[in-house]
Amino acid sequence: MIDTIRGLLRQYREPISYIFWGVMTTAVNYAAYFLLRNGFHVPLLASNVIAWAVSVLFAYFVNKLFVFRSKDWTWRVALRELWQMVASRVFSLGLETGILWLFVAQLSCNETVVKLAANVVVVIVNYVLSKFIIFRKKAD
């Protein structure tokens, strides 16, 4: 039984790690947001944008180090990965916003259900972009 669990964890290490670090990224986002809002009294939208930027930067490093294990730290590669991470997160933010606008504002669907479904779509899109574009493995 234990060997089976270990085997499954080894086999699915990357997606499990991605989900774990995604939860941690969300925690960083919330912590930064509430610290800025309540501790430093930064305005609402500024707090949200700064928290988003901090969480994307955090996500970049944990995805590079722990999820996709990208070993190349040359400036050219690191800047390309960081730029692509930011661009992909801006894309997924737009995607989520578009889904919410369409299904909640235009079609009057349940906001909670749509938000949860949109988050699932965004997580999958972010994983695919990270795996196959941002931190893609080079062919040897």
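Residues numbered from 1 in each chain as written. Predicted model: local features only at pLDDT ≥ 70, side-chain atom pairs only at ≥ 80, totals over all residues. Heavy atoms only, no water.

1. Thoughts on a nonpolar patch on the surface
Reasoning step 1: Judged by side-chain polarity, Met1, Ile2, Ile5, Leu8, Leu9, Tyr12 and Ile16 come together as a nonpolar surface patch covering roughly 720 Å² of accessible area.
Reasoning step 2: Take the nonpolar patch: its biggest share by element is four residues, from helix 1 (residues 2–11).
Reasoning step 3: Residue class for isoleucine 16 comes out partly exposed when judged on its relative accessible area of 40%. (Patch = residues over 30% accessible without salt bridge, like charges linked within 9 Å, V, L, I, M, F, W, Y side chains within 5 Å. Areas by Shrake-Rupley, 256 points an atom, 1.4 Å probe, with all protein chains shown as cover. Salt bridge = Lys/Arg side-chain N within 4 Å of Asp/Glu carboxyl O. Helix = DSSP H or I, 4+ residues; strand = E, 2+ residues; numbered from the N terminus. Buried < 20%, exposed > 50% of the residue type's maximum accessible area, 1.4 Å probe, protein only.)

2. As for the packing of aromatic side chains
Reasoning step 1: In this structure the tally under the stated criterion is 12 aromatic pairs.
Reasoning step 2: Between the aromatic rings of tyrosine 33 and phenylalanine 34, the centroid separation amounts to 5.0 Å while the plane-to-plane angle is 80°, which identifies the pairing as edge-to-face.
Reasoning step 3: On the accessibility criterion, tyrosine 33 (17% relative accessible area) is buried.
Reasoning step 4: Residue classification places phenylalanine 34 among the partly exposed residues on the basis of a relative accessible area of 42%.
Reasoning step 5: Linked through ring pairs, Tyr18, Tyr60, Phe61, Phe68, Trp73, Tyr127 and Phe135 together constitute an aromatic cluster.
Reasoning step 6: Between lysine 64 and the ring centre of tryptophan 73, over which it is positioned, the NZ or CZ distance is 4.6 Å.
Reasoning step 7: Positioned above the aromatic ring of phenylalanine 132, the side-chain terminus of lysine 131 is 5.8 Å from the ring centre. (Phe/Tyr/Trp six-rings, centres within 6.5 Å; stacked < 30°, edge-to-face > 60°. Lys NZ or Arg CZ within 6 Å of the ring centre and 35° of its normal.)

3. With respect to the side chain of serine 70
Reasoning step 1: Within the fold, serine 70 resides in the loop between helix 3 (44–67) and helix 4 (75–106).
Reasoning step 2: Note on serine 70: relative accessible area 14%, which makes it buried.
Reasoning step 3: For serine 70, the side chain forms a polar contact with the side chain of glutamate 81, separated by 2.8 Å.
Reasoning step 4: Residues in contact with serine 70, not counting those within four places in the same chain, are Lys64, Glu81 and Phe135. (Polar contact = N/O pair within 3.5 Å; in protein donor to acceptor, adjacent residues only side chain to side chain. Contact = heavy atoms within 4.5 Å.)

4. Some details on unusual backbone geometry
Reasoning step 1: A positive phi angle, near 50°, is found at arginine 69, a position not held by glycine.
Reasoning step 2: Along the chain, arginine 69 falls in the loop between helix 3 and helix 4.
Reasoning step 3: By relative accessible area, which is 43% here, arginine 69 ends up partly exposed.
Reasoning step 4: Phi angles above zero are rare outside glycine, and serine 108 is one such case at about 55°.
Reasoning step 5: Along the chain, serine 108 falls in the loop between helix 4 and helix 5 (111–134).
Reasoning step 6: For serine 108, a relative accessible area of 62% gives the class exposed.

5. Examining the pattern of salt bridges
Reasoning step 1: The full count for this structure, using the stated rule, is four salt bridges.
Reasoning step 2: Here glutamate 96 ties to lysine 115 by a salt bridge, and the two come within 2.6 Å at their closest N and O atoms. Placement of glutamate 96 in helix 4 and of lysine 115 in helix 5 is noted, with a sequence separation of 19 residues between them.
Reasoning step 3: On the basis of relative accessibility, which here comes to 11%, the residue glutamate 96 falls in the buried class.
Reasoning step 4: The class of lysine 115 is partly exposed, set by a relative accessible area of 34%.

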